[in-house]
Amino acid sequence: MIRRFMLLVMGLLLAMPTLAHGPSRQKVIKDITINAPPAKVWALIADFCSISKWHPAIANCVADGGNVAGGKRTLSVGKKDGPQIIEELQLYDAASMTYKYKIVKTDNAVLPVSTYASFLAVADNGNGTSKVTWRGGFYRAFPNNNPPPNLSDEAATKAVTSVYEQGLANLRKLAEQ
Amino acid sequence: MLILCLVTQMGAAGPLAFVTNQGANTVSVIDLATRTTVRTIGVGQAPAGIAFDRQRRYAFVTTPAAHAVTVIDVAEQTVVNIIKFDGEVLGIAADPVRDRVYIADWYRHRVWVVDSLRLSITGELATGNIPSGLAVSPDGARLLVANRDDDTLSIFDLNTNTAPQIIGVGHAPFGVTIAHDGAHGYVANVKSNDVSVVDLKKKRTVATIAVGDAPYAIAEDTRGRLFVTNQQGGTVSVIDLGAAHEIRQIPIGDYPEGIAYSRTLNRIYVASWFDNTLTGINLDTLQREAPVACGDGPRAFGEFITEP
């Protein structure tokens, strides 16, 4: 009897709809091993606004404030007059080669997220190579039920994953030159 | 013989944490004394909130995405029922004197009253916009509801069932806790980075205490201190209630969220959503302990510890 009931419960679990849900925070973690010492890799990304030099999708960066908490950058995506994203440092720790920043303003056409914050960190693998980790937590851009496909959890996760993968791949290319 | 062993083992269990793992669609049952995961229970999609009924017979797990609450038998540690709702169930709290749990509907400014023995919906209470955290006073007289998008707290009198009193708190209130003596309510305001202390007799905010970045939920110990998870700050703020200010921040992990107090173990436990861990803070030393692994995305939003 109990077994039959449990089967019924399992059936209900499987039958639950996956549509029409409220937002839950998403996370993306990407890392890459780079055949270069950590100091060399960190030097490429240490300046918060250097991202236009190492990320292939960022055409331009305008800094507002330094490499300290509160320092901002305005990014142009794709081309110089492309969609803009404004980001702000929340934590900057050169000694541990890491910083944390949040998105102040995004453009949903290129990065459909809200309440986004992420860490970028370089770690020493101890054998002359480095590990760079980029990780972010965020909600989808659409705050209510039934998001359109371009503002869904999947769209947000896909966009962030693409930003991290493209950026890390090009960072490796530059650091290993 | 085997059954006898199992029964003995279950009876001997210390405080248990039921941690909702939002990414893994599971609940980790963690024996806090031995720091081991004793069971991982599959539940509905993206579990978030948790409460135990007053008899500690069932754990109620909210799964907003599935419009449902998964009911777990605490002794058996198995799913025994799923209650469906026509809305987004998130915040949840148990009534300490009645066989009821209260469950907030994220989008439709109401709280459901659920019979925690019959597992059926018995009523609805009207709240403000985006009702988030809930808390019930130890004497069962009051229910507090944080209305996130109104910057208010609804105070219901559960004995008279009259319209709630609504008072102003900070910006984007989320987690709510009631003092052990029932005199005050504590509200974590995500966007104003502070905690509102509400006098429940005078029905007004009597103190606003600055904490870290994006406070989420609050636990109280029995020495006049509050512990507040700062989601974006990655810390737990410790507040001295006598002095009404923050006395320190303890670095804890990335996106600390659910927080609860264990009287038996003299510890506060914190779920870190990004790190997939549960971390204890020793209340004598205020030192954090080595984290215990959970499933992906622990939220543990609510009173997630059951004491023996």
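Here the structure is a predicted model, which is why all the values come from computation and not from measurement. (Residues numbered from 1 in each chain as written. Chains lettered and ligands numbered in written order. Predicted model: local features only at pLDDT ≥ 70, side-chain atom pairs only at ≥ 80, totals over all residues. Heavy atoms only, no water.)

Overview of the overall build of chain B
Helix and strand counts for chain B come out as 1 helix and 29 strands. A globule of 308 residues ought to have a C-alpha radius of gyration of about 19 Å, and chain B, at 18 Å, matches this closely. If one aligns the C-alpha atoms of chain B with their principal axes, the spans along those axes are about 60 × 45 × 30 Å. Here chain B holds 308 residues, and 61% of them are scored as buried. With the model as given, the accessible surface of chain B reaches about 11,100 Å², and the carbon-plus-sulfur share is 51%. (Helix = DSSP H or I, 4+ residues; strand = E, 2+ residues; numbered from the N terminus. Rg over C-alpha atoms; globule rule 2.2 N^0.38 Å. Buried < 20%, exposed > 50% of the residue type's maximum accessible area, 1.4 Å probe, protein only. Areas by Shrake-Rupley, 256 points an atom, 1.4 Å probe, with all protein chains shown as cover.)

Quick look at the overall build of chain A
A count of helical and extended segments in chain A gives 4 helices and 7 strands. Classification of the 177 residues of chain A by burial places 44% in the buried group. Restricting to contacts in chain A with at least 6 residues of sequence separation, those with at least 24 account for 52%. Within the structure as shown, chain A displays about 8,900 Å² of accessible surface, and the carbon and sulfur contribution to it stands at 57%. (Contact = heavy atoms within 4.5 Å.)

Describing the state of the cysteines
All names here are of chain A. One pass over the full model with this rule turns up 1 disulfide over all chains. Covalent S-S linkage joins Cys49 and Cys61, the inter-sulfur distance amounting to 1.9 Å. Taking the sign of the torsion about the S-S bond as the criterion, the disulfide between Cys49 and Cys61, at about -110 degrees, is left-handed. One end of the pair, Cys49, is in the loop between helix H2 (38-45) and helix H3 (51-54); the other, Cys61, is in strand S2 (residues 58-64), and 12 residues separate them in sequence. Cys61 shares its class with Cys49; the two are buried. (Disulfide = S-S within 2.5 Å.)

Examining unusual backbone geometry
Although it is not a glycine, Thr115 of chain A adopts a positive phi angle of roughly 45 degrees. Relative to the helices and strands, Thr115 of chain A is located in strand S6 (residues 113-124). With a phi close to 55 degrees, Asn161 of chain B is a non-glycine residue in the positive phi region. Tracing the chain through its elements places Asn161 of chain B in the loop between strand S14 (152-157) and strand S15 (165-168).

Side note on the interface of chain B and chain A
Interfaces are often sized by the amount of accessible area the parts lose when they come together. Chain B puts 30 residues into the contact, and the matching count from chain A is 31 residues. Considering only the surface of chain B that becomes buried against chain A, Tyr107, Trp273 and Phe274 of chain B emerge as the three largest contributors, covering 26% of it. For the interface between chain B and chain A, the tally reads 4 salt bridges. Inspection of the region where chain B meets chain A yields 12 residue pairs in polar contact (both at pLDDT 80 or more). (Buried area = accessible area lost by both parts, 1.4 Å probe. Salt bridge = Lys/Arg side-chain N within 4 Å of Asp/Glu carboxyl O. Polar contact = N/O pair within 3.5 Å; in protein donor to acceptor, adjacent residues only side chain to side chain.)

Focus on the side chain of Ser196 of chain B
All names here are of chain B. Checked against the element boundaries, Ser196 lands in strand S18 (residues 194-199). At 3.3 Å, the side chain of Ser196 forms a polar contact with the backbone nitrogen of Gly170. Within the local environment of Ser196, its side chain forms a polar contact with the side chain of Asn189, the two groups lying 2.9 Å apart. For Ser196, the residues in contact, after removing those within four places along its chain, are Val169, Gly170, Gly185, Tyr186, Val187, Asn189, Thr205 and Ala207.

Some words on the packing of aromatic side chains
Residues and elements named next belong to chain A. Under the criterion given, the structure shown has 19 aromatic pairs over all chains. Ring centres 5.7 Å apart and planes at 85 degrees place the aromatic pair Phe48 and Tyr99 in the edge-to-face group. With Phe48 in the loop between H2 and H3 and Tyr99 in strand S5 (residues 98-105), this residue pair connects regions lying 51 residues apart in the sequence. Take Phe48 and Tyr99: they sit in the same class, and that class is buried. An aromatic cluster is present here, built from Trp42, Phe48, Tyr92, Tyr99, Tyr101, Tyr116 and Phe138 joined pairwise through their rings. (Phe/Tyr/Trp six-rings, centres within 6.5 Å; stacked < 30°, edge-to-face > 60°.)

Observations concerning the pattern of salt bridges
In total, this model carries 22 salt bridges over all chains according to the counting rule given. Across the salt bridge formed by Asp254 of chain B and Arg135 of chain A, the nearest N and O atoms sit 2.9 Å from each other. Of the two residues, Asp254 of chain B sits in the loop between strand S23 (245-251) and strand S24 (256-262) while Arg135 of chain A sits in strand S7 (residues 130-140), which places them in two different chains. Relative accessible area serves as the criterion here: at 6%, Asp254 of chain B is assigned to the buried category. Arg110 of chain B is the partner of Asp105 of chain B in a salt bridge, and the nearest nitrogen-oxygen pair spans 2.9 Å. Shared partners join several salt bridges into a network, and the residues in it are Asp86, Asp105, Arg108, Arg110 and Glu124 of chain B.

Things to note about the sheet that holds strand S10 (residues 110-115) of chain B
Residues and elements named next belong to chain B. With antiparallel pairing, the 4 strands of this open sheet are ordered in space as S8-S9-S10-S11. Whereas interior strands pair on both sides, the edge strands pair on one side only; in this sheet they are strand S8 (89-94) and strand S11 (120-126). The mean angle between the axes of side-by-side strands here comes to 25 degrees, regardless of whether they run parallel or antiparallel. Judged from the 6 bridges that link them, strand S9 (residues 100-105) and S10 form a sheet pairing that is antiparallel. What sits directly across from Ala104, in S10, is Val111. (Pairing = 2+ DSSP bridges. Axes fitted to C-alpha atoms, helices over the stretch in contact; angles between N-to-C directions.)

Considerations on the nonpolar core
Of all hydrophobic cores here, the largest spans 37 residues; its most connected members are Tyr116, Val132 and Trp134 of chain A. Setting aside residues up to four positions removed in sequence, Tyr116 of chain A forms contacts with Tyr101, Lys102, Ile103, Trp134, Gly137, Phe138, Val160 and Tyr164 of chain A. (Core = buried A, V, L, I, M, F, W, Y, C linked by side-chain atoms within 4.5 Å.)

A word on the confidence of the model for chain B
Detailed reading of predicted coordinates is not advised where the pLDDT is low. Looking at chain B, pLDDT values average 94 and 96% of them are 70 or higher. Considering only residues more than four positions removed or in separate chains, one finds that residues 1-12 of chain B, a stretch of pLDDT under 50, has 3 contacts. (pLDDT = per-residue confidence, 0-100.)

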